[in-house]
Amino acid sequence: MYSWPSRSGIMAGNSFGEIFKITTFGESHGGAVGVVLDGMTPGIPISKEEIQVQLDRRKPGQSFITTPRAEPDKIHLMSGIFEGKSTGTPILMILYNKDFEPGAYENIKEMFRPGHADYSYFKKYGVRDWRGSGRASGRETSARVAAGAVARKLLEARGVKVIAYTKRAGGIECQTFDPEAIEKNPLRACDPVAAEKMLEVISKVKDEEDSMGGIIECRITGVAPGLGEPVFDKLDAEIAHAILSVGSTKGIEFGAGFAAADMRGSEHNDQMDSQNFLSNNAGGIIGGISTGNEIVFRVVVKPTSSISRVQMTRDMGGVTKEIRTIGRHDACICPRIVPVIEAMACLVLEDHYKRQAAMLA
Ligand SMILES: Cc1cc2nc3c(=O)[nH]c(=O)nc-3n(C[C@H](O)[C@H](O)[C@H](O)COP(=O)(O)O)c2cc1C
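Residues numbered from 1 in each chain as written. Predicted model: local features only at pLDDT ≥ 70, side-chain atom pairs only at ≥ 80, totals over all residues. Heavy atoms only, no water.

Chemist: What is the right way to look at helix α1 (residues 48–58) in this model?
Modeler: Residue pairs spaced three or four apart in an α-helix point in one direction, given the helix's 3.6 residues per turn. Those residues of α1 that fall on the buried side of the exposure criterion are Ile51, Gln52, Gln54, Leu55, Arg57 and Arg58. Looking at the packing, one finds that the buried side of α1 touches β4 (76–79), β7 (91–96), α3 (141–157) and α7 (334–360). (Buried < 20%, exposed > 50% of the residue type's maximum accessible area, 1.4 Å probe, protein only. Helix = DSSP H or I, 4+ residues; strand = E, 2+ residues; numbered from the N terminus. Contact = heavy atoms within 4.5 Å.)

Structure, rendered in structure tokens:
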């Protein structure tokens, strides 16, 4: 029907992890999204409610700057849990889509939204699922958050704590770190004063039919030294893979990160005494293996691509067109990405704990 593409690809790459492994399925405007979680430890008490707590942090409609799409994101536990405990068999979790409006995309179904995955998906598969964003939708990440909640439970028993927050958004940087403030402001920023300024800037940008991005920081405490595999499965490489698989993330840095470029070795080296590391410029991982120091990384989130401002694009016939993405989108995705970053970090760590245990067995 269409002149391009010349060949069609298959859609692999829906699974992540080695022993503790997830496979996600579903589209933003299809019947449901969900996840199969394999490699679960048997006998662990898991309730729907504790998974729901994490999903509620990611769900749309939480504030003025996030999409008003009214998805309840209610979790359905279909298998792998019996009498409140994991059986060790695959856990299937489903979230039915309730508030899908494919009609809202009808007027742009022949056009590619700039900055979104429409064009690249079409070039690869030769199929245009114009209802929302298909697999490239942020909605897919609700399945990851559900699985991440299970991983978090296992990690908590190991004494591992994972926390992420908005460090920067709308060009405003947090100046203080107040963990209590994070869940109390719509940006999930760690500085309540900066959060107010961020909200002001992003609200203005939204009124101008535009969007903004930011930086999410993640801190992980309690990780034992020794996690991570040389050479290709280094812990930092696997975390980077997990994080950069989340839509709209454009970069990651560990510890001192890109600032290391201007530091001297004498400044950057994390010296030790008999008790502790004296700094944490490595971000808790050296040689791809955890040191026992806090794992710290930061993630760049791009400005939301769907904006209602008029932009140039092309249609499926290759003709230049003007497009306005009128719909329900986040003016800044940062607060909704925070629980997704935590979930992906939890999934990588639990997988590596299980890989370590398998190696020692
Ligand atoms: C939780 C979440 C919500 C998102 N919401 C939107 C949105 O409302 N509008 C949009 O254009 N992109 C949104 N995205 C980003 C797109 O999924 C992403 O930009 C797209 O898949 C292209 O991938 P890339 O930006 O990583 O290249 C969201 C992503 C996440 C993780």
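Anyway, onward from the coordinates.
Chemist: Help me out: how do you make sense of the pairing of β7 in this one?
Modeler: When a strand is regular, its side chains alternate between the sheet's two faces. Pairing of strand β3 (residues 32–38) with β7, which is carried by six bridges, proceeds in the antiparallel orientation. Bridged to Val33 within β7 is Leu95. (Pairing = 2+ DSSP bridges.)

Chemist: Which parts of the structure should I look at to understand the environment of Leu187?
Modeler: Examined against the element boundaries, Leu187 turns out to sit in the loop between β9 (172–173) and α4 (192–207). When the C-alpha atoms of Leu187 and Cys334 are compared, they prove to be 6.9 Å apart, with 147 residues separating the residues in sequence. Not counting residues up to four positions away in its chain, the partners in contact with Leu187 are Ile65, Thr166, Ala169, Ala195, Met198, Leu199, Ile202, Cys332 and Pro335.

Chemist: Would you explain the sheet that holds β3 in this entry?
Modeler: The strands that make up a sheet are held in pairs by hydrogen bonds between backbone atoms, and each pair lies either parallel or antiparallel. Spatial ordering of the open sheet is given by β1-β2-β3-β7-β4, a layout of five strands whose pairing is antiparallel. Sheet topology places β1 (15–16) and β4 at the edges, where each strand pairs with a single neighbour. As paired elements, strand β2 (residues 21–26) and β3 share six bridges and run antiparallel to each other. When the sheet's bridge partners are listed, Ile22 is paired in β3 with Leu37.

Chemist: Hey, could you run me through the sheet that holds strand β14 (residues 295–301) in this one?
Modeler: Strand order in the open sheet made by the five strands is β9-β8-β10-β14-β11, with antiparallel pairing throughout. Single-partner strands in this sheet number two, and they are β9 and β11 (249–254). Contacts between helix α5 (residues 235–244) and the sheet are confined to β11 and β14, with β11 contributing the most and set at about 155° to the helix. (Axes fitted to C-alpha atoms, helices over the stretch in contact; angles between N-to-C directions.)

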